[in-house]
Structures are given as structure tokens and as C-alpha cells.
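# Chains, contacts and geometry: an overview
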Amino acid sequence: VQLQASGGGLVQAGGSLRLSCAASGRTFSSYAMGWFRQAPGKEREFVAAIAWSGGLTYYSDSVKGRFTISRDNAKNTVHLQMNSLKSEDTAVYYCAAALSISVVRTRVDYWGQGTQVTVSS
């Protein structure tokens, strides 16, 4: 599976952005998908995950209620809708694929390249 993230940019605090991750490969629908982010000088951290069916999602506490992850298996895409953005959301965002939502945090099989999100205060 190859992953291509897009949709990052510069936005003011309180604004919204929608990230997309396009996947190649016929097995996309069998993978759980996740989003991670890495801010300058910090370790990469988990943001959100969605099961292969789209029926189960979970989020880090820092984004819960503001971000929404979704997927379209027919189009091999996963999205991250980010609302009420804060300056601390500034980071490079990465999409990832894992065999199960239960291991997305710890056992990623494929990483996409990052897309920069910058939130100005």
C-alpha cells in the first residue's frame, strides 16, 4: 500500500482544514487507517484511527471533539476533518495503515509522506 497525504496549509486559529490520504493498492479496504503528527522538536504522536469498515474510530484526547476521521473504501481515501484548530495543532501530519485498529498506535505497516499544517494564533 502506498499512501499520499495532502490538504495541509496555513490557517488561523479557530479555522478548519481537511486532510486527505490517497492509497494505492487493492488491499486498502482491509487496513485500518490512522493519522499521526509530529511537531518540531517533539516525537510523532497518534491523532486518530478508523477501522477497515469505518465502523469504529478513536481519537487522542487532544483532538477529540474537534477532529473527525472518515474513509471511503470505494475511492481508497481517508480524511481528517480538523475544526477549531489551535496553534498547538501545528505539525506535520502523516497517514498510516495498519492491519488492525487495535495496533494502529504501535504497529504501522505503511506510512505516507507528511503534509504540513500550520495554525497561526
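For the structure, check the block above.
An account of the accompanying structure is given in this report. Just so you know, these numbers come straight off a predicted model, no measurement behind them.

Turning to the state of the cysteines, a few remarks are in order. One pass over the full model with this rule turns up 1 disulfide. One disulfide in the model links C21 with C95; its S-S distance is 2.1 Å. Looking down the S-S bond of the C21 and C95 bridge, the torsion is 60°, so its handedness is right-handed. Here C21, found in strand β3 (residues 17–24), pairs with C95, found in strand β9 (residues 91–98); they are 74 residues apart in sequence, far enough to count as distant.

Another point: the sheet that holds strand β7 (residues 67–72). Reading across the sheet, the 4 strands line up as β1-β3-β8-β7 and stay open at both edges, with antiparallel pairing between neighbours. A single partner strand is all that each edge strand has here, and the edge strands are β1 (2–6) and β7. Sheet twist, expressed as the average angle between the axes of neighbouring strands with direction ignored, equals 15°. Direction of pairing for β1 relative to β3: antiparallel, over a ladder of 5 bridges. What sits directly across from S6, in β3, is S20.

Before going further, it helps to examine the pattern of salt bridges. By the definition in use, this model includes 4 salt bridges. Between D61 and K64 there is a salt bridge; the shortest N-O distance is 3.2 Å. On the accessibility criterion, D61 (68% relative accessible area) is exposed. As a salt-bridge pair, R66 and D89 come within 2.8 Å of each other at their nearest N and O atoms. Of this pair, R66 sits in the loop between β6 (57–59) and β7 while D89 sits in the loop between β8 (77–82) and β9, placing them 23 residues apart in sequence. Each member of the pair R66 and D89 is classed as buried. Connected via shared salt-bridge partners are R37, E45, R66 and D89.

Conventions we followed
Residues numbered from 1 in each chain as written. Predicted model: local features only at pLDDT ≥ 70, side-chain atom pairs only at ≥ 80, totals over all residues. Heavy atoms only, no water. Disulfide = S-S within 2.5 Å. Helix = DSSP H or I, 4+ residues; strand = E, 2+ residues; numbered from the N terminus. Pairing = 2+ DSSP bridges. Axes fitted to C-alpha atoms, helices over the stretch in contact; angles between N-to-C directions. Salt bridge = Lys/Arg side-chain N within 4 Å of Asp/Glu carboxyl O. Buried < 20%, exposed > 50% of the residue type's maximum accessible area, 1.4 Å probe, protein only.

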